Amino acid sequence: MPILEYHCQACDHRFEVIVHGTQQPVCPACHSSRLQRLLSVFAVAGKHAETPSPGPCRTCGDPRGPGACALDGAGG
Ligand SMILES: [Zn+2]
């Protein structure tokens, strides 16, 4: 189940909620439905992770170079 983070525009409360399907969450503090969805930690996690190593193969970082691995140079 996805845990989403919301910011209540009514009372400036910030909270996390488990969303079931398309259920519309409400603020647990003031029960307002004027919520702004924030980026989940999962979505942000991969973005600022360590930069990909400047290896020869950009696809998988195979030290043998481009075309040496199955993922790169396979003709698409
Ligand atoms: Zn609120």
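Here is a short report on the structure shown in this document.

**Notes on the pattern of salt bridges**
The full count for this structure, using the stated rule, is one salt bridge. Of the charged contacts, one joins Glu5 and Arg14 as a salt bridge, the two residues approaching to 2.6 Å between their closest N and O atoms. On the basis of relative accessible area, Arg14 is assigned to the exposed category, the value being 55%.

**A closer look at the coordination of the zinc ion**
Donor atoms from the polypeptide that coordinate the zinc ion comprise Cys8 (SG), Cys11 (SG), Cys27 (SG) and Cys30 (SG), at 2.2 to 2.3 Å from the metal. Between consecutive donor residues of the zinc ion, the sequence gaps follow C-x2-C-x15-C-x2-C. With Cys8 in strand β1 (residues 3–8) and Cys27 in the loop between β2 (14–18) and β3 (35–38), the pair connects residues that are 19 residues apart, well separated along the chain. This pair shows no difference in class: Cys8 is buried, exactly as Cys27 is.

**Let's talk about the sheet that holds β1**
Two pairing modes exist for strands in a sheet, parallel and antiparallel, and in both the strands are linked by backbone hydrogen bonds. Here we have three strands laid out as an open sheet, ordered β2-β1-β3, and antiparallel in their pairing. The sheet terminates laterally at β2 and β3, the two strands that pair on one side only. Strand after strand, the sheet turns through a mean of 40° between neighbouring axes, direction not considered. With five bridges joining them, β1 and β2 adopt antiparallel strand pairing. Following the sheet pairing, Tyr6 is matched in β2 by Phe15.

**Section: unusual backbone geometry**
For Asp12, which is not glycine, the phi dihedral falls at a positive 65°. Its location among the elements puts Asp12 in the loop between β1 and β2. Of note in this structure, His31 is not a glycine but carries a positive phi near 60°. Among the secondary structure elements, His31 is positioned in the loop between β2 and β3. His31 gets classed as exposed once you look at its relative accessible area, which sits at 60%.

What counts and what doesn't
- Residues numbered from 1 in each chain as written.
- Predicted model: local features only at pLDDT ≥ 70, side-chain atom pairs only at ≥ 80, totals over all residues.
- Heavy atoms only, no water.
- Salt bridge = Lys/Arg side-chain N within 4 Å of Asp/Glu carboxyl O.
- Buried < 20%, exposed > 50% of the residue type's maximum accessible area, 1.4 Å probe, protein only.
- Donors = N, O, S within 2.8 Å, 3.2 Å for Na, K, Ca; no water.
- Helix = DSSP H or I, 4+ residues; strand = E, 2+ residues; numbered from the N terminus.
- Pairing = 2+ DSSP bridges.
- Axes fitted to C-alpha atoms, helices over the stretch in contact; angles between N-to-C directions.

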